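Geometric and topological summary
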Amino acid sequence: MKRWFSDLALGVRLALGGGRTSWVRLVLTGAGIGLGVAVLLAASSVPTIFAERAERSSQQAAIPGEADDRALYLRWWITEYRAETVDVRYMMAGGPQAPVPPGIPAVPGDGEMYVSPALRELLDSPEGELLRERFPQKVIGSIGDNALTAPHDLVAMVGDPRMPRDSADPIARFGGPTQAQDLGPLLTLLVIVGCVVLLFPILVFVGISTRLAGAQRDRRLAALRLVGAGAQRVRRIAAGEALLGAVIGLAVGTGLFMISRRFVEDVRLLGLSVFTGDLTPVPWLAVLISALVPVLAVVTSVLAMRRTVVEPLGVVRHTKPVRRVLWWRLVPIALGTVALLTQAGSMGESSGGAGNQEVLIGGIVLLLLGIPTMLPWVVERSVSRLRGGAPSWQLAIRRLQLESGTAARVVGGVAVVLAGAIALQSVLTSVSAKIIEEPLSEADRGKVHVSLRQEPQDLAPQAVGMLERAEGVKRVHTTQSLAYRTDTRNYQGITIGTCEAMTALTALPDCQDGDAFMVVNQAATGNPAVAPGTTVTAFSEDEEITKSWTVPQYELVRAEIVTRNTSGLFLTPAAVRGADLPPGRTQIMVELDQSKADAVEHVRNAVAPLTWRTFVSFVGEIDMADRVVQFMSVRQALLAGSLITLLLAGASLLVLALEQVRERRRPLAVLAASGVPRGALGRSLLWQNAVPLLLALVVSTAVGTGLAALLLRVLDLPVALDWGGIGLLSVAAAGLGLVVTALTLPSLRRATGALGLRSE
Amino acid sequence: MSIGHTLLGLLEKGPRHGYDLKRAYDERFGQDRPLHYGQVYTTLSRLLRNGLVEEAGVEAGDGPERKRYAITDAGVTDVEKWLSTPEKPEPYLQNTLYSKVVLALLSGRDAGDVLDTQRSAHLVTMRELTKRKAAGDLADQLICDHALFHLEADLRWLELTAARLDRLKTEVVR
Amino acid sequence: MRALLEATNLRKSFGPTPALDGAGLSVRAGEVVAVMGPSGSGKSTLLHCLAGILQPDSGTVRYRDAELSSMPDAQRSELRRTDFGFVFQFGQLVPELSCLENVALPLRLGGIKRRAAESRAREWLERLEVTGVADKRPGETSGGQGQRVAVARALVTGPSVVFADEPTGALDSLNGERVMQLLTAAARETNAAVVLVTHEARVAAYSDREVVVRDGKSREVEPAR
C-alpha cells in the first residue's frame, strides 16, 4: 500500500517537475478535462432545471372556481412581438379575498401592471419602442422569478377591472400538484439517444485529454522502465500523472462551471434560457462525475501504456510500433448491435414503450465506443498503403504511418459527435415525419389574420376601422366564417366573402360574384368533399345555431397547402343570397405593405386597445398540437446540445493539434530553416488532420447510419436516412478540421522561428 | 621559454635591480623552477649588450650588485614583437604562453590578442596535419592524430584561459 | 576576390541580453570558414542571421547582390532552399520519412519529380557511404549515419553555402572526423562554401580560416603564415 502511494506520488512529481513543457501539458490537460467536466456538470443540472420548472409551473397552475366575489378573474392574451411571444394576463379581483397570482405582491389595479424583468428590459430599450404602444399601463413592479419558467420569459400581469366577468375565467386559487411530464415512448427514446450521444463524446474527450503529450510521456516512462521499474510500477506512476491532470481538470471544470453559471441568465441558445439557481447539479450526479473523471483518466492512461510497457526500447528509439489487432476493436460494436437488436420494436407505438432503457443506453454507448476503438486501426491500415504525392502530402502520410494513434485519437472525439449527430438527425427526421403528419405550411408574411373574440357586441367594424388607419396596411378584407358537418366527425369551414377577399386568402381560379369553390388539400385523404346538393348541417362557430343547408354547385380547387382558414367552401355573397345560414363570425384579413418594416407590429398595435379580444397571426400559421410543441422543444434542446458538443469537439481538436505542433517543434523548425516554405508545412499539417478526419467521417457515417437504422427498428419506424442532414454534418465536420488547422498556423509560425532550433 | 623576454617584460613597469627581478620572476613564473642569480645576470648582460636594457644608476648599499636596469625603446619593441608572435605550435608550451599572458596583463596589453594569435597559429598547424592525414596512410594518420590531440589540448587551454582572463588580471595586477 | 556572403555590424538581442553586438563575417565562394567561440558567445545566432533564418536588429547581410536583411520571409525561405544547405547537431531529419526521402525532400520541394529526386538522392547517399540506410527511418540509424544523411541532404541541391552548426557535436571522434572529411571533401568538389560553427579545434582544423566570436563580437583572423 505504501509502495502504491509512493509510486503515485512519483508520478505526480514527474508530471510537475518537467519544467515549462510539463506545465504547458498540465495546463492543456486541465483545460481539456475542465471543459468536459464543466459540460458534464451543466448536463447533470438538467434534471434540476426540469424539476424547478415543473415546480414553478405547478405553482402557477390556476385552479378554476365559482364565479363569485372570492375569485380572481383572469384572461390570457398572447401577443407576438418580432417573433417573440409575450404572455399577458389581464386580471380583476372579484373581491378582497381573491387569490393573488404567484410572483406578484397584489392584484394590479386599473392601468397598472407587473412585468417580467426581460419584458421590462425590452420595454425600456429602443428595440421595444413599438411594443410600448401595446402597453399603456404603468409598470408598478417586477414579476418574481418563481412565476417564470425561464429568465427570458416575456410576461405581463395587467389589472383590468372593466373586464366583464362572464368573459373571463374565475380562478379560485393557484398551485396544483406537480405534473410529471409524460413524453411518450417516442420522445423518451429521443431524449435518451440525445443525452447519450451528447454526453458520451465528452467522456471520450476527457479520456483523450489525459493522453496529451503522450509521446513525451511514453519516452519518460520508457526511461523509467529501462532503469528497472517493473511494468506494474510504471503503470502506477503513469496513473499518478493522469490523476494529477484529472484533479486539476476537475478543479478547472468546477471553476468554469461556477463562473459561467453566473452568466447563464444572459445566454439564450435557440430560444432556451435557464435561471442561475436552476443550474445546480443533482448531488449524486456531481459526486459521480468527480469520481468518474479521475477513474476514466487513470484507466485510459494505463490502457494506453501497453506499448511502453511491452517495448520500452521501441519508444526511445522511435521504431515502428506493433501493428494493431482488429478483433477486440470490433467487440463494442458487435455487442452494441446485439443489444439494440434485442430491443427492436420495443419502443414502438404498439408496444407502448416497454423497452429496457438500460439495455438501450448500453447499446448506444457501446456502438459509439466502437468508434474510438476502431479508428486507430482504420487509420493505420488506410495510410499504410499510401505512397508518393507532393512533399507536403508525403510528410503528412509518413507521419501518420509512423504514429497514427495520436491522429486517430485527435479525430476520435469529433467522429463520435458526428456519428451521434447523424443518428440523432435521422431519428429526428423519421420521428418528425411521424409526429408532424402534415408538412408545416410556410406562413405568408404578407398577410395577417386578426381573429376577434366573440363578444356580445360585434367588434368587427371597430377593429376594421382601427386597422385601416394603421401604418403599413395595404388592404383590410373581411369574411364571414362558419362551418358545416355531414356527420359528427367530418366537418369543414365555410368562408363567405367577396372574390377579392377570398382570393387573398387562398388560391382561387377566376372568381365572379355568384361562384362557389371547394378548396381541398392536394393530397387530401380524409374529409371527403361533399357533393353539391347534399344537405348538411351548417353551424356558427360556437355551434349555438345550427341550420340545415344544401351545398350549392361548386368548383373543386386543389391547393398545395391548406389550413383551417384556407380550405373548405368558399362562397361569394351572391352564391349564398337567400340561403338560410347561421350567422358567421367576422374574420379580418389584412394585407401588409411588406416594404414597411414592422408592418405587422403596427397592425398588432392598432388592435391592441381591444387587448385579449384579438389575436393576430400570419395567414398559413397553424396551431401546433402539444405533442408537436413538445417535439419541437426536445428537438431544439438536442440541437442546442449538439452545438455545444460540436464546439467542444472542435476545441478538443484544436488543443490536440496545438499539442502536436508543440511536440514536433524541432523537426519543423529545422525544415523551416532549410527553406521549406511555411505554406508547405501548413499544408502538411492540414493533410495530417484532414486524412484522419476523412476516415473518421467514413467510420462515423457508417456507425451513425447503422445506429440510426437500429434505433428506428427499436421505434418500429421505417428506416429512412436523412442524407441531406448527413451530408451537411459531414461538411460541417470537415470545415471544423479546416478551421482548426488554420488556428494552429500561428503556433506553427512560432515553432518554425529560429528559437525552435535551440535545443531544449 | 625565453627568460630574456620575460625579464624585459618585467622591466617595462619600471627600473629594478637584478635581485628584485629574480624575486618578481620567481613569484609569478618560477613556481617549480626558480631562477639562479647567475642566470639573471648573464641574461641581463646579454640584453645590455644588445641594447635592450640600460643601466639606470647604482643604489648605495651593502650588496655587491645594486645596479638598476631599465628597459630601452628597443627593448619595448622587442617585447611587443615577442608577445605578438605566436609560439611555434608544439607540445608543452604552457610555460611560455602563461608568461606571455601574464606579462601582457601586467603591461596593460590585450592578453586576448596573444591568445587569439596563438590559436590561429595552432590552427594553421592543425590544418596542415589534417591535410597530411587525409593524404597519408594509416601510420601517418595515427602520428598526425597524436599531434592533433596534443595541439587540441593546448587550444582548449587557450580557450579556458581566454574565458578566465578577467579573473587572472585581477590576481596578477593586484 | 569578392565575398559571396557578407555580414557587417550585426546586432541582435533576445530580450535584454544582446546575442550579437556588432559581429560580422565574410565568406568567399568555396572556402570553409570555422566560427569558433565559447558556448553562449553568439556563434549560432550569427549563423542564423547569415542564413536568413533570423532577422538581425541592425546590420546587413549580403548574399551575392541581394540584401538578405530586407528580403521578405518567403523569398528568404526560397533562397535557403535553393542556395543554402544546413547540417545541425541533431534532430534535423524528418523522423517519419526514410533517409532516402529525407535527402530527396529539398529537391522535391523545388519541384523535381519524385523518381528523379530520389535517384539523385541515392547518388549522394552513395557518395557519403550510407546507401545501406536509404530505406530506413532516421530513428533506426546510428548517429554517424544520420549525420551523413543530413550532409547528403544539405548538399543535394548543389548549394553555394552550407551552414553546419556543430555537425559533429553528438558524435565520437572517429565518426566526427569521417563526417567532417566527407562534408569538406564534397563541399570542395562542388565549390560550396561552408560556414562551420564549432567549439572543437579538431573540427575547425578542416576549415581554411577561422572567425572567433566572443561576447557577440566577431574577430576575423587572417591565416598566419
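These lines cover the structure that appears in this document, whether it is placed above or below.

Cut-offs used in this document
Residues numbered from 1 in each chain as written. Chains lettered and ligands numbered in written order. Predicted model: local features only at pLDDT ≥ 70, side-chain atom pairs only at ≥ 80, totals over all residues. Heavy atoms only, no water. Helix = DSSP H or I, 4+ residues; strand = E, 2+ residues; numbered from the N terminus. Buried < 20%, exposed > 50% of the residue type's maximum accessible area, 1.4 Å probe, protein only. Contact = heavy atoms within 4.5 Å. Areas by Shrake-Rupley, 256 points an atom, 1.4 Å probe, with all protein chains shown as cover. Patch = residues over 30% accessible without salt bridge, like charges linked within 9 Å, V, L, I, M, F, W, Y side chains within 5 Å. Salt bridge = Lys/Arg side-chain N within 4 Å of Asp/Glu carboxyl O. Buried area = accessible area lost by both parts, 1.4 Å probe. Nonpolar A, V, L, I, M, F, W, Y, C, P; charged D, E, K, R; others polar. Disulfide = S-S within 2.5 Å. Phe/Tyr/Trp six-rings, centres within 6.5 Å; stacked < 30°, edge-to-face > 60°. Pairing = 2+ DSSP bridges. Right-handed = clockwise from strand over helix to strand, strands pointing away. Polar contact = N/O pair within 3.5 Å; in protein donor to acceptor, adjacent residues only side chain to side chain. Axes fitted to C-alpha atoms, helices over the stretch in contact; angles between N-to-C directions. Arc of directions from axis to C-beta. Core = buried A, V, L, I, M, F, W, Y, C linked by side-chain atoms within 4.5 Å.

Some thoughts on the overall build of chain B
Summing up its helical and strand segments, chain B has eight helices and three strands in all. Ordered by position from the N terminus, the helices and strands of chain B form the series α-β-α-α-β-β-α-α-α-α-α. A buried classification covers 44% of the 174 residues belonging to chain B. Considering only intrachain contacts with a sequence separation of at least 6, the fraction spanning at least 24 residues in chain B is 57%. For chain B, the accessible surface area stands at approximately 9,400 Å², while carbon and sulfur atoms represent 52% of it.

Concerning the overall build of chain A
Within chain A, the secondary structure is distributed over 23 helices and 17 strands. Expressed as a percentage of the 760 residues in chain A, the buried residues total 51%. When contacts within chain A are restricted to residue pairs at least 6 apart in sequence, those whose partners lie at least 24 apart make up 81%. Accessible surface, chain A as shown: approximately 33,900 Å² in total, 59% of it carbon and sulfur.

A short note on a nonpolar patch on the surface
A cluster of nonpolar residues, Val325, Trp327, Trp328, Val331 and Leu335 of chain A, forms a patch on the protein surface that exposes about 500 Å² of accessible area. Mapping Val325 of chain A onto the fold places it in the loop between helix H11 (312–317) and helix H12 (327–342).

Regarding the interface of chain C and chain B
Size of an interface, as often reported, equals the accessible area lost when the parts are brought together. Residue-level contacts link 21 residues of chain C with 18 residues of chain B. Here chain C and chain B share an interface that buries about 1,600 Å² over both sides, 53% of which is from carbon and sulfur atoms. Considering only the side of chain C, the residues that lose the most area to chain B are Arg202, Ala205 and Arg214 of chain C, jointly responsible for 30% of the buried surface there. Linking chain C to chain B there are five salt bridges. With its nearest N and O atoms 2.7 Å apart, the salt bridge here joins Glu210 of chain C to Arg127 of chain B. Secondary-structure elements contributing two or more residues to the side of chain C that touches chain B are helix H6 (173–189), helix H7 (201–204), strand E9 (209–214) and strand E10 (217–221) of chain C. A per-element tally of the side of chain C that touches chain B places E9 of chain C first, with four residues. Residues that form the side of chain C that touches chain B fall into these classes: nine nonpolar, three polar and nine charged.

Digging into the state of the cysteines
Residues and elements named next belong to chain A. Considering all chains together, one arrives at one disulfide over all chains under this definition. In this model, Cys499 is linked to Cys511 through a disulfide, with the two sulfur atoms separated by 1.9 Å. On the sign convention where negative is left-handed, the bridge of Cys499 and Cys511, at about -75 degrees about the S-S bond, is left-handed. Of the two residues, Cys499 sits in helix H17 (residues 499–505) while Cys511 sits in the loop between H17 and strand E11 (516–521), which places them 12 residues apart along the sequence. The same class applies to Cys499 and to Cys511, which are both buried.

What about the packing of aromatic side chains?
Scanning all chains against the criterion turns up seven aromatic pairs over all chains. Ring plane angle 40 degrees and centroid distance 6.1 Å describe the contact between Trp77 of chain A and Tyr90 of chain A, whose orientation is recorded as tilted. With Trp77 of chain A in strand E2 (residues 72–81) and Tyr90 of chain A in strand E3 (residues 84–93), this residue pair connects regions lying 13 residues apart in the sequence. Ring geometry for Phe84 of chain C and Phe163 of chain C: centres 5.1 Å apart, planes at 75 degrees, overall edge-to-face.

Some points on the pairing of strand E8 (residues 193–197) of chain C
All names here are of chain C. Of all five residues making up E8, five are buried, and the element is well covered by its neighbours. With burial as the criterion, each face of E8 is covered, one bearing Ala193, Val195 and Val197 and the other bearing Val194 and Leu196. Pairing of strand E3 (residues 32–36) with E8 involves four bridges; the strand directions are parallel. Directly across from Val35, in E8, lies its bridge partner Val197. Here strand E7 (residues 161–165) runs beside E8; their pairing, made up of five bridges, is parallel. Pairing of Asp165 across the sheet is with Val197, part of E8. One crossover worth recording links E7 to the parallel E8 by way of H6, and it is right-handed.

Points about the interface of chain A and chain C
In this complex, chain A contributes 30 residues to the contact, which on the side of chain C involves 29 residues. Buried surface at the junction of chain A and chain C, summed over both partners, amounts to about 2,700 Å²; 58% is from carbon and sulfur atoms. Inspection of the region where chain A meets chain C yields five residue pairs in polar contact (both at pLDDT 80 or more). Within the residue set of the side of chain A that touches chain C, elements represented by two or more residues are helix H14 (391–402), helix H21 (665–673) and helix H22 (678–714) of chain A. Partitioning the side of chain A that touches chain C into residue classes produces 15 nonpolar, seven polar and eight charged.

A word on the pattern of salt bridges
Residues and elements named next belong to chain C. Within the structure shown, the criterion is met by 35 salt bridges over all chains. Put simply, Arg81 and Glu78 hold a salt bridge, and the shortest N to O gap is 3.9 Å. Pair noted here: Arg81 and Glu78 are both in helix H2 (residues 73–83), with a separation of three residues, about one helical turn. A relative accessible area of 41% means that Glu78 is categorised as partly exposed.

Side note on the sheet that holds strand E2 (residues 53–58) of chain B
Residue and element names in this part refer to chain B. Pairing in this open sheet of three strands is antiparallel, and the strands run E1-E3-E2 from one edge to the other. Edge positions in the sheet fall to strand E1 (16–17) and E2, since each of these pairs with one other strand and no more. Sheet topology places E2 next to strand E3 (residues 67–71); four bridges connect them, and they run antiparallel. Considered in E3, the bridge of Glu55 is made with Tyr69. On the sheet, helix H1 (residues 3–11) packs against E1, E2 and E3 and is oriented at approximately 90 degrees with respect to E3.

Side note on the sheet that holds strand E5 (residues 66–67) of chain C
Residue and element names in this part refer to chain C. Spatial ordering of the open sheet is given by E2-E1-E4-E5, a layout of four strands whose pairing is antiparallel. In this open sheet, the two strands that pair with only one neighbour each are strand E2 (17–27) and E5. In the sheet, strand E1 (residues 5–14) pairs with strand E4 (residues 58–63) via five bridges, with the strands oriented antiparallel. What sits directly across from Arg11, in E4, is Ser58. Each of E1, E2 and E4 is contacted by helix H1 (residues 43–50), which is oriented at about 55 degrees to E2, the strand it contacts most.

So, helix H16 (residues 460–468) of chain A
All names here are of chain A. Buried residues of H16: Ala460, Ala463, Val464, Met466 and Leu467, and no others. An end-on view of H16 places all buried positions within 160 degrees of arc, on one side of the element. In H16, the exposed positions angled more than 90 degrees off the buried face are occupied by Pro461 and Glu468.

Quick word on the environment of Leu165 of chain B
Here Leu165 of chain B shows up in helix H8 (residues 165–173). The spatial distance from the C-alpha of Leu165 of chain B to the C-alpha of Ala111 of chain B is 7.5 Å, given a sequence separation of 54 residues.

Some points on the nonpolar core
In terms of nonpolar packing, the biggest core is built from 65 residues, with Leu190, Leu340, Ile364, Leu368, Ile371, Leu375 and Leu707 of chain A touching the most fellow members. With 15 residues, the single largest contributor to this core is helix H15 (residues 404–435) of chain A. The contact partners of Leu375 of chain A, leaving out residues within four places of it in the chain, are Ala408, Val411, Gly412, Ala415, Leu695, Ala696 and Val699 of chain A. Leu10, Leu106 and Ala111 of chain B together with Met36 of chain C belong to the second largest nonpolar core, which has 47 residues in total.

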